[in-house]
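Reading the structure
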Amino acid sequence: PRSTLFPYTTLFRSKTCIYLCDKKTKGTTEKLKKVLSTTEDINEQTTLGSTALHFAALGSNQDVVGTLLSAKADIIPNNNQETPLHWACKAGSSKTIQKLLRSLSPAMIQFKDASGKTAYDWATEYDREDAQKLIQKTLARKNKRRGTL
């Protein structure tokens, strides 16, 4: 059955994704940790290539994003080359964006989707000034550390 909160639940086979998409299972990260302990593939993808991390980022749930990252979820692009950072910039949660930025290389922060747009471009398109500033500051800091500009 499809969730009324999130109609794409049926695209997923994994318990992780169902947990994130079903409003009945909204709860603590402890519940998610239990689900993760029995999940075969934390990076399982929907038919469109999105992962649980994409949906957690879009849902602006920094605790779930943090739990998934701690469980070694990969930050990978979907079939449209959109990363969880792209989706987080659409949603606009600064805390979620910060968590993702800490885990990304400058190259992945600047990764372009199938339309040639970066997460920064998405932040601009959706009027997310905080996201734009976070991306700029993070890139400057990471590039300075690496000795590149």
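I will try to describe carefully the structure that is included in this document. Note that the structure is a prediction, hence the values are computed from the model and not measured.

What counts, and where the lines are drawn
Residues numbered from 1 in each chain as written. Predicted model: local features only at pLDDT ≥ 70, side-chain atom pairs only at ≥ 80, totals over all residues. Heavy atoms only, no water. Helix = DSSP H or I, 4+ residues; strand = E, 2+ residues; numbered from the N terminus. Expected span 1.5 Å × (residues − 1). Core = buried A, V, L, I, M, F, W, Y, C linked by side-chain atoms within 4.5 Å. Buried < 20%, exposed > 50% of the residue type's maximum accessible area, 1.4 Å probe, protein only. Contact = heavy atoms within 4.5 Å. Salt bridge = Lys/Arg side-chain N within 4 Å of Asp/Glu carboxyl O. Patch = residues over 30% accessible without salt bridge, like charges linked within 9 Å, V, L, I, M, F, W, Y side chains within 5 Å. Areas by Shrake-Rupley, 256 points an atom, 1.4 Å probe, with all protein chains shown as cover. Lys, Arg positive; Asp, Glu negative; His and termini not counted. Charge placed at Lys NZ, Arg CZ, Asp CG, Glu CD.

Here we come to helix α9 (residues 129-146). Across its 18 residues, α9 extends 26 Å between first and last C-alpha, which sits within 8% of the 26 Å expected from 1.5 Å per residue. Once α9 finishes, Gly-147 follows within two positions and takes phi at roughly 80 degrees, a positive value.

Before going further, it helps to examine the nonpolar core. Formed by 28 residues in total, the largest nonpolar core has its most connected members in Leu-53, Leu-68, Leu-85, Cys-89, Ile-97 and Leu-100. Considering each element in turn, this core owes the most residues, 5 residues, to helix α3 (residues 52-58). Aside from chain neighbours lying at most four places away, what touches Leu-53 is Val-65, Leu-68, Leu-69, Ala-73, Asp-74, Ile-75, Pro-84 and Leu-100.

What follows is about the pattern of salt bridges. Side chains that carry opposite charge are capable of pairing whenever their charged atoms lie near each other. Enumeration according to the criterion identifies 1 salt bridge in this entry. For Lys-117, the salt bridge goes to Glu-125, with nearest N and O atoms at 3.3 Å. A relative accessible area of 34% means that Lys-117 is categorised as partly exposed. Looking at Glu-125, the relative accessible area reads 45%, which means it is partly exposed.

In this section: a positive patch on the surface. Taken together, the side chains of Arg-102, Lys-133, Lys-137, Arg-141 and Arg-145 define a basic patch exposed on the protein surface. Element by element, the count of residues in the positive patch is highest for α9, at 4 residues. In this fold, Arg-102 is placed in helix α6 (residues 94-102).

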